[in-house]
Amino acid sequence: MTGRLVAVVGPSGAGKDTLMDAARKELGNDPRFVFLRRVITRPADAGGEDHIAVTEQAFAAMRDAGELALWWGAHDLLYGLPRTPLEAALAAGQVTVANLSRSALSEAASLFPLRVLEITAPEELRAVRLAARGRETVEDVMRRLARQAPLPPGLDVRRVVNDASLAEGVAQVLAGLRAA
């Protein structure tokens, strides 16, 4: 039996991390689901998602050794999915959930059974959320809001508009994951 990779994507400020944290808690004891930790060239204590923190040199070594199934750069950082846990979960027939970049979706679709869970929100709401994080300047927030690449054509996409309560957003995410 082959599992499926669910690639979670969406613009900054859409609430991806909040919704995925809640979904991870809800599905944490369900063996059908695996939530992958990404490898990121960001310190472990930088906030945001739980990730495997590495230096740029360590990331390059992992990439060059074939330890990353997918990798990409964004926001002056490098991101990757560790090959062994991803491939093991898929071979076990599990729904394997990971945050991805839109730039990695075509490659992911060519390598794995893929569903895209696109989490988005209206731009005004995203601006408020980004400003409330306090991690970036106003100019950085404006750049993030302006940046959004389209999804590659031909993908299996389920869209979640995160513009209501947390419970409603989580319910949409859970429905998308359970349908995978």
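Please refer to the structure placed before this passage.
1. Description of the packing of helix α1 (residues 16–27) against helix α7 (residues 166–178)
Consideration 1: Between α1 and α7, the shortest axis-to-axis distance is 9 Å and the interhelical angle comes to 65 degrees. Along this stretch, α1 crosses α7, giving a crossing that reads as right-handed. Contacts from T18, L19, M20, A22, A23, E26 and L27 in α1 reach L166, G169, V170, V173, L174, L177 and R178 in α7.
Consideration 2: In terms of residue class, the contact of α1 with α7 is built from 10 nonpolar, 2 polar and 2 charged.

2. Side note on the packing of aromatic side chains
Consideration 1: As enumerated under the stated definition, the model contains 2 aromatic pairs in all.
Consideration 2: Measuring from ring centre to ring centre gives 6.5 Å for F59 and W71, while their planes differ by 75 degrees; the resulting arrangement is edge-to-face. Linking F59 in helix α2 (residues 56–64) with W71 in strand β5 (residues 68–74), this pair joins segments that are 12 residues apart in sequence.
Consideration 3: Accessibility expressed as a relative area gives 40% for W71, which makes it partly exposed.
Consideration 4: On the numbers, 6.0 Å between centres and 5 degrees between planes, the contact of W72 with Y79 is stacked. Both residues of the pair, W72 and Y79, belong to the buried class.
Consideration 5: Sitting above the plane of the W71 ring, R63 keeps its charged end 4.8 Å from the centroid.

Parameters at a glance
Residues numbered from 1 in each chain as written. Predicted model: local features only at pLDDT ≥ 70, side-chain atom pairs only at ≥ 80, totals over all residues. Heavy atoms only, no water. Axes fitted to C-alpha atoms, helices over the stretch in contact; angles between N-to-C directions. Helix = DSSP H or I, 4+ residues; strand = E, 2+ residues; numbered from the N terminus. Left-handed = near helix turned anticlockwise from the far one by under 90°. Contact = heavy atoms within 4.5 Å. Nonpolar A, V, L, I, M, F, W, Y, C, P; charged D, E, K, R; others polar. Phe/Tyr/Trp six-rings, centres within 6.5 Å; stacked < 30°, edge-to-face > 60°. Buried < 20%, exposed > 50% of the residue type's maximum accessible area, 1.4 Å probe, protein only. Lys NZ or Arg CZ within 6 Å of the ring centre and 35° of its normal.

As far as function goes, none of this settles anything; it's purely spatial.
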